[in-house]
Amino acid sequence: MPEGHSLHRIARQFSRNFVGHRVAASSPQGRFAEGAALIDGRVMVDARASGKQLFLEFEGGRWLRVHLGLYGAWDFAGEITTDATIRSSNGRIGQTNQHGTIVDDDAGEDSISSIGAPRLARRHKARLRMSEQEKEDDDPDFVFPPEPVGQVRVRLLTEDAVADLRGPTACEVLDPAGVESVLDRLGPDPLNDPSEAAKARVVEAVLAKGSPIALLLMDQSVIGGIGNVYRAEMLFRARLNPHTPGKKVPREVVEALWDDWVYLLDLGVRTGQMLTMDGLDPEAKRKAMASREDRHWVYRREGLPCRVCGTNIVMELLAARKLYWCPFCQQ
DNA sequence: CATCGATGTTGAG
DNA sequence: TCAACCTCGATGG
């Protein structure tokens, strides 16, 4: 479920609350007992995402690789840092207020924060579920650490924070060579590598293939992190027919798709939401932030009128995934 | 309360 | 091409 922006946010959560800390690793469910033992008692030294994959590095060159798949999730709890929307009278950020210590400001002057309050981060006792959506629990009276609930594949515990992994599609401990071989099979993730070389690699990969651009955008060996929502929205933003073979897409359009992913991924990481209708007026933006119904151009809008031309949005199955597009705008 | 479907990937056939 | 993975919010009775 989570697309690339979620994984970068999860990696950031680990950076804030786990990197630099010694971690007790266990598998309450039991299915990952051997793997957990390989990292138990070690200090986490790095946390990073590439595409939809998460890599947590521990002392001694041991890496935990996690892929959340369709419905995996990380549950954080304890003294953790969460984004908080704080209304500020003078618009200044980076100060301390009654809500806690503001330790991060990555919202700045973007188009979303200009609509309303800036999103800040604060460290406090909280519970936070991170999957395709993020949900913060408002019960401040839970005991730490909480009992594992349900099937927890891995529990990572520091002195004051815990992270529970449930429902992953992949969870394994790798050595550096193993990490390298996984990364070698992944296309560029613009948040890790925004270079012209990365862009060129994606452009050449797309232009070399005859398969539909709708499949190539979701091919993680071509480009990292795009899922079903961003695919549909990016193709609409480019006014591109999803069935266009990669090699028939004009080079400048492929370049524009990469540039758009650079932009959308950054926006998604900063806001925690898949915002794709940023070109609208402030009122429409506000609605997009407030409601999932008003958030997308085409995704999940089968049978509804296109927001631009009024033609009914169509849905078709492509490689067993639902593809939404406007047959008039995207000719 | 039962059922469905989902923002994903793998691997069997 | 499709089932399996194995979670959980949304939906309907």
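Everything below is about the structure shown above.
What counts, and at which threshold
- Residues numbered from 1 in each chain as written.
- Chains lettered and ligands numbered in written order.
- Predicted model: local features only at pLDDT ≥ 70, side-chain atom pairs only at ≥ 80, totals over all residues.
- Heavy atoms only, no water.
- Helix = DSSP H or I, 4+ residues; strand = E, 2+ residues; numbered from the N terminus.
- Buried < 20%, exposed > 50% of the residue type's maximum accessible area, 1.4 Å probe, protein only.
- Near = heavy atom within 4 Å.
- Polar contact = N/O pair within 3.5 Å; in protein donor to acceptor, adjacent residues only side chain to side chain.
- Nonpolar A, V, L, I, M, F, W, Y, C, P; charged D, E, K, R; others polar.
- Disulfide = S-S within 2.5 Å.
- Salt bridge = Lys/Arg side-chain N within 4 Å of Asp/Glu carboxyl O.
- Axes fitted to C-alpha atoms, helices over the stretch in contact; angles between N-to-C directions.
- Parallel < 35°, antiparallel > 145°, perpendicular 65-115°, else oblique.
- Left-handed = near helix turned anticlockwise from the far one by under 90°.
- Contact = heavy atoms within 4.5 Å.

K.L.:
Teacher, can you tell me more about unusual backbone geometry here?
P.N.:
The general pattern is negative phi for most residues beyond glycine and trans for most peptide bonds. In this structure, the amide linkage connecting Phe144 to the following residue, Pro145, adopts the cis form with an omega of -5°. Mapped onto the elements, Pro145 comes out in the loop between strand 8 (134–137) and strand 9 (154–157). Even without glycine at this site, Arg239 takes up a positive phi of about 55°. Residue classification places Arg239 among the partly exposed residues on the basis of a relative accessible area of 36%. For Arg300, which is not a glycine, the phi torsion comes out positive at approximately 60°. When you line up the elements, Arg300 lands in the loop between helix 8 (282–290) and strand 12 (314–318). Classification of Arg300 as exposed rests on a relative accessible area of 62%.

K.L.:
Mind showing me how you'd approach the protein's contact with DNA strand C here?
P.N.:
In the vicinity of DNA strand C, the contacting residues are Arg31, Tyr71, Arg129, Lys135, Gln151, Arg153, Arg166 and Gly167. Near the protein, meaning within 4 Å, the atoms of DNA strand C are sugar or phosphate in a fraction of 59%, with bases accounting for the rest. Here a phosphate oxygen of DNA strand C sits 3.4 Å away from a polar atom, N or O, in the side chain of Arg166. Here the surface near DNA strand C is built from residues that sort into 1 nonpolar, 2 polar and 5 charged.

K.L.:
Even after reading the chapter, I still don't get the state of the cysteines, so can you show me in this structure?
P.N.:
As used in these notes, a disulfide is a covalent bond between sulfur atoms, one from each of two cysteines. Using the criterion set out here, one finds 0 disulfides in the structure. The structure places no disulfide on Cys306, whose sulfur is separated from the nearest cysteine sulfur, that of Cys329, by 3.7 Å.

K.L.:
What is the right way to read the pattern of salt bridges from this model?
P.N.:
By the definition in use, this model includes 14 salt bridges. Of the charged contacts in the structure, one is a salt bridge between Asp75 and Arg129, with a shortest N-O distance of 2.7 Å. Linking Asp75 in strand 5 (residues 73–85) with Arg129 in strand 7 (residues 119–130), this pair joins segments that are 54 residues apart in sequence. With a relative accessible area of 16%, Asp75 lands in the buried category. Of the residues examined, Arg129 reaches a relative accessible area of 33% and is grouped as partly exposed. With a closest N to O distance of 2.8 Å, Asp260 and Arg237 form a salt bridge. With a gap of 23 residues between them, Asp260 in helix 7 (residues 251–271) and Arg237 in helix 6 (residues 228–237) connect regions that are remote in the sequence. Judged by relative accessible area, Asp260 falls into the buried class, the value being 14%. What makes Arg237 partly exposed here is its relative accessible area of 24%. Among the charged side chains, a network of salt bridges with common partners joins Asp75, Arg129 and Arg166.

K.L.:
Just checking my understanding: could you explain the packing of helix 6 against helix 7 for this structure?
P.N.:
The relative placement of two packed helices comes down to the angle between their axes together with the axis-to-axis distance. One can describe the packing of helix 6 onto helix 7 by two numbers: an axis separation of 11 Å at closest approach and a directional angle of 130°. Our classification of the angle between helix 6 and helix 7 gives oblique. Here helix 6 runs over helix 7; the crossing is right-handed. Across the interface between the two elements, Tyr230, Met234 and Arg237 of helix 6 pack against Leu257, Asp260, Trp261, Tyr263, Leu264 and Gly268 of helix 7. For the contact of helix 6 with helix 7, the residue count by class is 6 nonpolar, 1 polar and 2 charged.

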